[in-house]
Amino acid sequence: MLYAGIDVANRASTVCVVDANAEVILERTVATEAGALMEAFSGLEATRVVIESTPLAEWVALVVEDAGHEAVVIDARSAKRLMDASKKTDRRDARTLARMAQAGWYTAVHRKSAEARLQRSRLQARQGLVEAYKGFAARVRGLLRAHGVRVGRVSKGEFAPRVRALCAEHVPGLATYLEPLLAAYEHALGEARRLRREIEREAREHAVAERLASVPGVGPLVSQAYVATIDDPRRFASGDEVADYAGLTPRIYQSGELQVQGRISREGDKLLRWHLVEAAHSLLVRGRDCALRRWGLRLAERKGQAKAKVALARKLAVLLHRLWVSGERFKAWPERAVGA
């Protein structure tokens, strides 16, 4: 068997293939395209190919498998520790990955199902639209302020009509320049709402997502994001591992008698972490009364709202995993007190 590593980049990727003795037998840089990647592995005997986890990793893995070889996507953090060097190049990284494949020095990551990947793409597309219309609104507000005009608090749907009315009243000549921004704002807002309605409708029909949404603060978007990201709950031994996967556990430094607990790691899945924190905020601010919310409110009184929100997001990560595995629904007042 041969072993290979691919250092993947957007335009070009570096491929290195080694034999059973870790001796390099092929090195080349190819375009990051299906045809070029398949050609790089054509004619080779069975090869185990290691790919560092990146946004392109799953697609590259599928191309490698279509070429008749074994693909393994590995934990990027583990790979980074082995790749740290004063002289870092794509070629050296590809060699390191190939030798990791030969020696078995890697941690394979879960490869999500096609359904989960598609759902995450839709969630990310919607999040991009949300960021877009917020950006357009901020730009419009800034341009109006330069003329001494303030929009004030207004709903998303009323923002564009309000701006048009203010322009007509105070700065008529500005409307021509703001109209393209307002049109883009309205389009992004409308498409974000359309995607949200789709996701909410599917969440009601998805047994697991519907059950997870029984937790206060966890709406259809959060439950669908959780299901699409975790994909298979059995790959985590406990909910604590899910919290760590989402980057919601604190960093810990320990040396001898010294042990320091720092901020959360923020290493892991950003999309899931963002949705869990949003759910925690919703639960604290306007969630229905339950043991979980009371625990969060008590913590907010002692530690402040920001820390309580993160701690509550961590509890939600653990709780949702337990509900998924057990098949239970959320209990507002469990026999065992939250945080006990």
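Now for a quick tour of the structure. As the structure is a prediction and not an experimental result, all values here were calculated from the model.

Of the regular secondary structure elements, the protein chain holds 13 helices and seven strands. Principal-axis analysis of the C-alpha atoms places the extent of the protein chain at approximately 75 × 60 × 45 Å. In the protein chain, which comprises 340 residues, the proportion classed as buried is 41%. Accessible area for the protein chain stands at about 18700 Å²; split by element, carbon and sulfur atoms hold 49% of it. The protein chain carries 56 positive and 41 negative side-chain charges, and their two centres are separated by 9 Å.

Once that is clear, we can look at the environment of Glu210. Within the secondary structure, Glu210 sits in helix 8 (residues 207–212). Separated by 114 residues in the primary sequence, Glu210 and Trp324 have C-alpha atoms spaced 11 Å apart. Setting aside its immediate chain neighbours within four residues, Glu210 contacts Ala203, Arg204 and Arg329. Of note is the side chain of Glu210, whose polar atom sits 3.1 Å from the side chain of Arg329.

Turning our eyes to something else, we now look at the pairing of strand 1 (residues 2–7). With respect to burial, strand 1 is a largely interior element, six of its six residues being buried. Taking every second residue as pointing to the same face, both faces of strand 1 are buried, with Leu2, Ala4 and Ile6 on one and Tyr3, Gly5 and Asp7 on the other. Examined bridge by bridge, strand 1 and strand 2 (residues 12–18) share five bridges and lie antiparallel to one another. For Ala4, the partnering residue across the bridge sits in strand 2 and is Val17. Linking strand 1 back to strand 2 in an antiparallel pair, the connection comprises four residues.

With that settled, consider the packing of aromatic side chains. This structure, assessed with the given rule, holds four aromatic pairs. Aromatic side chains Tyr226 and Trp324 sit 6.3 Å apart centroid to centroid with 55 degrees between the ring planes, which places their arrangement in the tilted category. Of this pair, Tyr226 sits in helix 9 (residues 220–230) while Trp324 sits in helix 13 (residues 305–326), and the two are 98 residues apart along the sequence. Residue Tyr226 shares its accessibility class with Trp324, and that shared class is buried.

As a further point, take the pattern of salt bridges. Inspection of every chain in the model, using the stated rule, returns 17 salt bridges. Note that Glu58 is salt-bridged to Arg117, the shortest N-O span being 3.7 Å. Highlighted residues: Glu58 in helix 2 (residues 57–66) and Arg117 in helix 5 (residues 114–145), separated in sequence by 59 residues. The class of Arg117 is partly exposed, set by a relative accessible area of 28%. Here Glu210 ties to Arg329 by a salt bridge, and the two come within 3.1 Å at their closest N and O atoms.

Rules of the game
- Residues numbered from 1 in each chain as written.
- Predicted model: local features only at pLDDT ≥ 70, side-chain atom pairs only at ≥ 80, totals over all residues.
- Heavy atoms only, no water.
- Helix = DSSP H or I, 4+ residues; strand = E, 2+ residues; numbered from the N terminus.
- Buried < 20%, exposed > 50% of the residue type's maximum accessible area, 1.4 Å probe, protein only.
- Areas by Shrake-Rupley, 256 points an atom, 1.4 Å probe, with all protein chains shown as cover.
- Lys, Arg positive; Asp, Glu negative; His and termini not counted.
- Charge placed at Lys NZ, Arg CZ, Asp CG, Glu CD.
- Contact = heavy atoms within 4.5 Å.
- Polar contact = N/O pair within 3.5 Å; in protein donor to acceptor, adjacent residues only side chain to side chain.
- Pairing = 2+ DSSP bridges.
- Phe/Tyr/Trp six-rings, centres within 6.5 Å; stacked < 30°, edge-to-face > 60°.
- Salt bridge = Lys/Arg side-chain N within 4 Å of Asp/Glu carboxyl O.

All quantities given are derived from atomic positions and should not be read as evidence of function.
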